[in-house]
Each structure stands twice: as structure tokens, then as C-alpha cells.
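The primary structure of each chain is shown beneath.
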Amino acid sequence: MIVALEGILESRGIDSVVVKVGPLSLQVYVPGSTLGRLGTVGDNVRLHTHLYLREDNVAVYGFASADELALFQNLISVSGIGPRVALTFLSTFNVEQVVSAIVGDNVDLLTQVPGIGKKTAGRVVLELKGKLEKEWAGAVTPALTHEDADVVAALTNLGYSVKEATQAVAGLPNAEELDLEEKVKLALRQLATT
């Protein structure tokens, strides 16, 4: 089993990199979060890896942190979630946000992942909630509330990325008397100043 690799970054793609390890050059599929931390072509890189073997597919998936790898492996254990979809989760949100959403039953936030509907998001929560509560106890920040997930959805519908929208919502005051429209306006003001 290949659990990690270290080598020279030869090239970068949209969702993969090529790493020269000794005489071999390996294509490694990575989430956007890892891609952003790898540096430039020619740099030495180290990745935590998962070797995916199927009759018709052999692929290596790489991650900058052991936490990303652990979450990826949990996600692909869910029926209907393959490695590409698991990478999309990790490209859309950071590890803490995904775990918080699952542990907090926040199906609405998980549906912000491209290609994930309510049914699939519900299955992810159902199959992983108990497991992640044990594995990640105390390691994550509180999940976004359902109202905050609605604000994230509104902001993404206006063209902001999920990451930008989530960061803006995280910076909102904890005023429960604010309605959805007021929260969206405050978030838009915050995004305009960044």
C-alpha cells in the first residue's frame, strides 16, 4: 500500500499533479485545498496518499494533511460517493467545515458541494455522523446553522464562491434576531470590503 510519496513537482493540472519519485513520474489527483499548498513546479513535495484500486481504475489520490486523507477515506466509504466526489467535498470546504456540517446534521450546507443533492447529503450525514463524532471529538468548530447555510446559498447564487460565502457568514455577528435578508446584506457588505 502506498501511504505517502515525496518527490519533485513536475507539473500541475486542474485537479491533479505529476510528481517525479525516483525514476517514476506519478499522476496524483488532489483537492483544490492541497493544490494551493504545493508550491511551484520544481519544488520538493510530500503527500499523504490513498491508492484506489478497481478492476477498471487505478489511481493515486494525494493530500497535504493526514486529516484531509482521513476525511477522504471516510467519504468514499459512503455508498454512492466515489473518489472524485470526495475530492469535490475537500475542494469546496475545508476539513473542519465538512466534519462540522456532517456532525451538525447540516444537509443544506453539504448541498453546496457541486453535484451533491439533498438525498446524497442526507446519506453522507446518516452514514458518517456517529463515526466522525467519535474520531473528531472536540477537533472542529461548531457547524453553520441552517439559517447561515441559507445565507451561504444566497451568496453563492449571487456568484460568490462557497469559500468566500462561508468566510463572510463566519464573520457575521451572532444576532438571532436578524432575518435572512439582513444577514445577506451584512455578508455582502463584508465581502465588499475584502
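Only a predicted model underlies this, so the values are computations on that prediction, with no experimental measurement involved.

Reading guide: rules and limits
- Residues numbered from 1 in each chain as written.
- Predicted model: local features only at pLDDT ≥ 70, side-chain atom pairs only at ≥ 80, totals over all residues.
- Heavy atoms only, no water.
- Helix = DSSP H or I, 4+ residues; strand = E, 2+ residues; numbered from the N terminus.
- Polar contact = N/O pair within 3.5 Å; in protein donor to acceptor, adjacent residues only side chain to side chain.
- Phe/Tyr/Trp six-rings, centres within 6.5 Å; stacked < 30°, edge-to-face > 60°.
- Buried < 20%, exposed > 50% of the residue type's maximum accessible area, 1.4 Å probe, protein only.
- Lys NZ or Arg CZ within 6 Å of the ring centre and 35° of its normal.
- Pairing = 2+ DSSP bridges.
- Axes fitted to C-alpha atoms, helices over the stretch in contact; angles between N-to-C directions.
- Contact = heavy atoms within 4.5 Å.
- Parallel < 35°, antiparallel > 145°, perpendicular 65-115°, else oblique.
- Left-handed = near helix turned anticlockwise from the far one by under 90°.
- Nonpolar A, V, L, I, M, F, W, Y, C, P; charged D, E, K, R; others polar.

### Digging into the side chain of Thr49
- Looking at the secondary structure, you find Thr49 in strand β4 (residues 44-54).
- In terms of polar contacts, Thr49 uses its side chain to reach the backbone amide nitrogen of Ala4, at 3.1 Å.

### Digging into the packing of aromatic side chains
- Inspection of every chain in the model, using the stated rule, returns four aromatic pairs.
- Taken together, a centroid distance of 5.6 Å and an interplanar angle of 35° make the contact between Tyr29 and Tyr61 tilted. You can see Tyr29 sitting in strand β3 (residues 24-29) and its partner Tyr61 sitting in strand β5 (residues 57-63), a full 32 residues away along the chain. In this structure, Tyr29 and Tyr61 share a single accessibility class: buried.
- For the pair Phe63 and Phe72, a centre-to-centre distance of 4.8 Å together with 45° between the ring planes defines the contact as tilted. One exposure class covers both Phe63 and Phe72, and it is buried.
- Every member of this aromatic cluster is reached through a ring pair, and the members are Tyr29, Tyr52, Tyr61, Phe63 and Phe72.
- In this structure, Arg84 is placed above the aromatic ring of Tyr29, and the distance from its NZ or CZ to the ring centre is 4.1 Å.

### Structural notes on the sheet that holds strand β1 (residues 4-12)
- The strand order around the closed barrel formed by five strands is β1-β2-β3-β5-β4, and the pairing between neighbours is mixed. Ignoring strand direction, the axes of neighbouring strands in this sheet form an average angle of 55°.
- Direction of pairing for β4 relative to β5: antiparallel, over a ladder of seven bridges. Residue pairing in the sheet places His48 in a bridge with Phe63 of β5.
- Running at roughly 15° to β4, helix α2 (residues 66-76) makes contact with β4 and β5 of the sheet.
- Packed on one face of the sheet, helix α3 (residues 83-92) meets β3, β4 and β5 and runs near 15° to β5.

### A few points about the environment of Val113
- Tracing the chain through its elements places Val113 in the loop between α5 (107-110) and α6 (118-135).
- Distance from Val113 to Val125, taken between C-alpha atoms, is 14 Å for residues twelve residues apart in sequence.
- When near neighbours in sequence (up to four residues on either side) are disregarded, Val113 contacts Thr88, Phe89, Thr92 and Phe93.

### Looking at the packing of α2 against helix α4 (residues 95-103)
- Two elements in contact, α2 and α4, have axes separated by 10 Å at closest approach and are oriented at 40°. The orientation of α2 with respect to α4, classified from their angle, is oblique. The handedness of the crossing between α2 and α4 comes out as left-handed. Contact residues: α2 offers Asp67, Glu68, Leu71 and Leu75, while α4 offers Val95, Val98, Val99 and Ile102.
- Residues that form the contact of α2 with α4 fall into these classes: six nonpolar, no polar and two charged.

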